[in-house]
Amino acid sequence: MVYRLLAIDIDGTLLRSNFRIDKETKEAIDYVQQKGVYVTLASGRSFPSTQKIAKALKINNYLISHNGGFIASSLDEPLQENRLSVEDTYRIVDILENYECHMRVVHERFSIGNQLKQKSQLVAKLTLSTGDPLFYPVSFTENLGDYVLSQEVSPPKMDVQFFDEKECESAIKYLKEQMPDFEYSSSTKCQLEITAKKVTKGNALRFLGEKLGIAPNEMVAIGDSYNDMDMIEFVGLGVAMGNAPDEVKKKAKWITRTNDQLGVPYMVKEVFRKQMRFQTLKR
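Let me begin by describing the structure that accompanies this report. Worth saying up front: this structure is predicted, and the values here are computed from it rather than measured. (Residues numbered from 1 in each chain as written. Predicted model: local features only at pLDDT ≥ 70, side-chain atom pairs only at ≥ 80, totals over all residues. Heavy atoms only, no water.)

### Notes on the overall build of the chain
What counts here: Strands are runs of DSSP state E lasting at least two residues, helices are runs of H or I lasting at least four, and both sets are numbered from the N terminus onward. Computation of the radius of gyration draws on C-alpha atoms, with the globule rule given as 2.2 Å multiplied by the number of residues to the power 0.38. With a 1.4 Å probe rolled over the protein chains alone, any residue whose accessible area is under 20% of its type maximum counts as buried; one over 50% counts as exposed, and the rest are partly exposed. What makes two residues a contact is simply this: any of their non-hydrogen atoms within 4.5 Å. Note on areas: Shrake-Rupley, 1.4 Å probe, and residue coverage restricted to the protein chains presented here. By the counting rule applied here, Lys and Arg register as positive and Asp and Glu as negative, while His and the ends of each chain are not counted. Charged side chains are reduced to one point each, which is NZ for Lys, CZ for Arg, CG for Asp and CD for Glu.
Looking only at helices and strands, one finds eleven helices and 14 strands in the chain. By the compact-globule yardstick of 19 Å for 283 residues, the chain fits well, its C-alpha radius of gyration being 18 Å. Principal axes of the C-alpha set define a box for the chain whose edges measure 55 × 35 × 35 Å. Taking all 283 residues of the chain together, the buried fraction comes to 53%. Across the chain, the fraction of contacts at a sequence separation of at least 24, relative to all contacts at a separation of at least 6, is 64%. Entry remark: accessible area of the chain is about 13600 Å², with carbon and sulfur atoms responsible for 46%. Seen as two clouds, the 38 positive and the 38 negative side-chain charges of the chain have centres 8 Å apart.

What follows is the structure, encoded as structure tokens:
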């Protein structure tokens, strides 16, 4: 099978546990792009953060950010954007204010969060995201719901970090009962990601494939988290990282090494080394 597109998750997949990119990973991305394969990143991160990683890897293609809520190669010219409405964002915030959690309304140009009293250093660290580049404005407010309404914020995604597993499960159950027509996923423990209906990485790859003329069976996708499961199922070759949960591994056709054991470059060389180069796709 000739694979024409490679989609890679960022955290827990492309990056090591210390959030660094290995030299071998950079070389693998360059290797596969030289073969004419269209490489994209598929992340829950904001677009500026996703683009920052892409530039480090010399990827100049369309990027899937916000779990599929924002697809673009540049901030000012999105290929597709699917947003939570102002009213729905307010309703979600209103519900979650009854729970002990840190909320982030994640816009492609900025992020706004609720202001929490820091009870410990651990809680303080949880309110800071490793996906926030220095040039991406992040601010906090005591009344997030009022801010959303007054500024008419319509974000591609909301991130929520809970401090207790049972509290997290209770909130997710209630949200699904009260607001069932949304996508709820996670990438880490006690964390929740909320996007509009049918906004997932898998559906983003479907849309991107249609634009580029690439069929699902010509795609490879690799990830490590629950929010990667649908894209791993959707493509011709879905790959799970060695550090992925068992539920994610069960959806994959192939399992590579962990992110700290060069899982991405190992997969790239195993899958693409015998593939001949073909003409690079034109947008």
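### Notes on the pairing of strand β11 (residues 191-196)
Keep this limit in mind: We call two strands paired when DSSP finds no fewer than two bridges between them.
Judged by how many residues are buried, β11 sits mostly within the fold: six of six residues are covered. Pairing analysis gives four bridges linking strand β9 (residues 157-162) to β11, with the strands arranged antiparallel. Bridge pairing in β11 links M158 to I194. As paired strands, strand β10 (residues 182-185) and β11 are joined by four bridges and run antiparallel to one another.

### A look at the packing of aromatic side chains
Note the following rule: Aromatic rings from Phe, Tyr and Trp, with only the six-membered ring used for Trp, were paired whenever their centres fell within 6.5 Å, and each pair was classed as stacked if the ring planes differed by under 30 degrees, edge-to-face if by over 60, and tilted otherwise. We call a charge positioned over a ring when the NZ of a Lys or the CZ of an Arg lies within 6 Å of the ring centre and within 35 degrees of the ring normal.
Throughout the structure, instances matching the rule amount to three aromatic pairs. Judged by centre distance (6.4 Å) and plane angle (70 degrees), the rings of Y3 and F272 are edge-to-face. In this pair, Y3 sits in the segment before β1 (5-8) while F272 sits in helix α11 (residues 263-272), placing the two residues 269 residues apart along the sequence. By the burial criterion, Y3 is buried, and F272 matches it. Positioned over the ring face of Y266 is R257, at 3.8 Å from the centre of the ring.

### Some points on the nonpolar core
Basically, it comes down to this: What is meant by a nonpolar core is a set of buried Ala, Val, Leu, Ile, Met, Phe, Trp, Tyr and Cys residues, joined one to another through side-chain atoms within 4.5 Å.
L6, I8, L41, V220 and F272 are the most contacted members of the largest nonpolar core, which totals 30 residues. When residues of this core are assigned to their parent elements, the largest contribution, five residues, is made by α11. Setting aside residues up to four positions removed in sequence, I8 forms contacts with T13, L14, I29, V39, T40, L41, A42, I222 and V264. Core analysis: the second largest hydrophobic core is formed by 29 residues, V93, C101, M179 and Y184 among them.

### Thoughts on the sheet that holds strand β14 (residues 254-255)
Applied cut-off: Geometry is summarised by axes, namely lines fitted to C-alpha atoms with helices restricted to the contacting stretch, and by angles between N-to-C directions that run from 0 to 180 degrees.
Across the sheet, which stays open at both edges, the five strands sit in the order β2-β1-β12-β13-β14 with parallel pairing between neighbours. The open sheet has two edge strands, β2 (38-41) and β14, and neither has a second partner. Those strands touched by α11 are β1, β12 (219-223), β13 (237-240) and β14, and its axis lies near 160 degrees from that of β12.

### Thoughts on the environment of H107
Mapped onto the elements, H107 comes out in the loop between β6 (101-106) and β7 (111-114). Note: C-alpha distance between H107 and F70 (37 residues apart in sequence) is 9.5 Å. Apart from residues lying up to four places away in sequence, H107 is in contact with S46, H66, R83, Y136, S154, P155 and P156.

### Concerning the sheet that holds strand β3 (residues 63-65)
Pairing in this open sheet of three strands is antiparallel, and the strands run β3-β4-β5 from one edge to the other. Every other strand in the sheet has two partners, leaving β3 and β5 (78-81) as the edge strands with one partner each. Looking at each pair of strands side by side, their axes are set apart by 15 degrees on average, direction ignored. Those strands touched by helix α3 (residues 47-56) are β3 and β4 (70-72), and its axis lies near 140 degrees from that of β3. Packed on one face of the sheet, helix α8 (residues 201-212) meets β3, β4 and β5 and runs near 145 degrees to β5.

### A short note on the environment of A215
Mapped onto the fold, A215 is located in the loop between α8 and β12. A215 gets classed as partly exposed once you look at its relative accessible area, which sits at 29%. Taking the C-alpha atoms as reference points, A215 and V160, separated by 55 residues in sequence, lie 34 Å from one another.

### Some details on the pairing of β6
β6 sits mainly inside the fold: six of its six residues count as buried. Across the two faces of β6 the burial is the same, with C101, M103 and V105 and H102, R104 and V106 all buried. In this structure, the hairpin formed by β6 and β7 is closed by a connection of four residues.

### So, the packing of helix α4 (residues 86-96) against helix α6 (residues 144-151)
Two quantities define a packed helix pair, namely the angle between the axes and the distance from one axis to the other. Formally: For classification purposes, an angle smaller than 35 degrees is called roughly parallel, one larger than 145 roughly antiparallel, one from 65 to 115 roughly perpendicular, and anything else oblique. Gly falls in the polar group here, along with every residue not listed as nonpolar (Ala, Val, Leu, Ile, Met, Phe, Trp, Tyr, Cys, Pro) or charged (Asp, Glu, Lys, Arg).
Interaxial distance between α4 and α6 falls to 9 Å at its minimum, and their mutual angle equals 175 degrees. If you check the angle between α4 and α6, you find them roughly antiparallel. On α6, the residues touching V86, T89, Y90 and V93 of α4 are L144, G145, V148 and L149. In terms of residue class, the contact of α4 with α6 is built from six nonpolar, two polar and no charged.

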